[in-house]
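Residue-level listing of the chains:
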Amino acid sequence: MKPTPSNRKRAGHDSSHASKSQQHAKKYWSADVTENSDAMDLEDAVFKKRSAADIAKSLKRSAEKSKRRKGTPFQSAMSMLTFYINRAGKNLSEARLRTLDNAKQELRKAFGRKP
């Protein structure tokens, strides 16, 4: 039976029956990806650091140390930074977004890449 507005509850599409953790995972899928995927292990509150250079250094350390990455350390670090910016983007202030964008440049420098 194809779910329609009138039979969704019968078809198992009623979210009130989902557990709290299932509802939380649906609402915050990006947190679930970060915690349970092969994403690298990050230092606590790395994206809350004030300095772009400090963010880049922390990401570099984590990427080089982590066994939970698939690409190169540079790719993993840049990927995590971009992932965070994309997921939090609407809620970031202009100043915070500027700091995180500057962290990309610092990360390129830290890995000896061209800006």
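All of the points below concern the structure found in this document. (Residues numbered from 1 in each chain as written. Predicted model: local features only at pLDDT ≥ 70, side-chain atom pairs only at ≥ 80, totals over all residues. Heavy atoms only, no water.)

Looking only at helices and strands, the protein has 5 helices and 0 strands in total. Traced from its N-terminal end to its C-terminal end, the protein shows the element sequence α-α-α-α-α. Expressed as a percentage of its 115 residues, the buried residues of the protein come to 27%. Pairs at least 24 apart in sequence give 57% of the contacts found in the protein among residues at least 6 apart. (Helix = DSSP H or I, 4+ residues; strand = E, 2+ residues; numbered from the N terminus. Buried < 20%, exposed > 50% of the residue type's maximum accessible area, 1.4 Å probe, protein only. Contact = heavy atoms within 4.5 Å.)

Attention shifts here to unusual backbone geometry. Phi at Ala-45 takes a positive value of approximately 55 degrees, unusual for a residue other than glycine. The topology assignment puts Ala-45 in the loop between helix H2 (29-36) and helix H3 (52-65). What makes Ala-45 partly exposed here is its relative accessible area of 47%.

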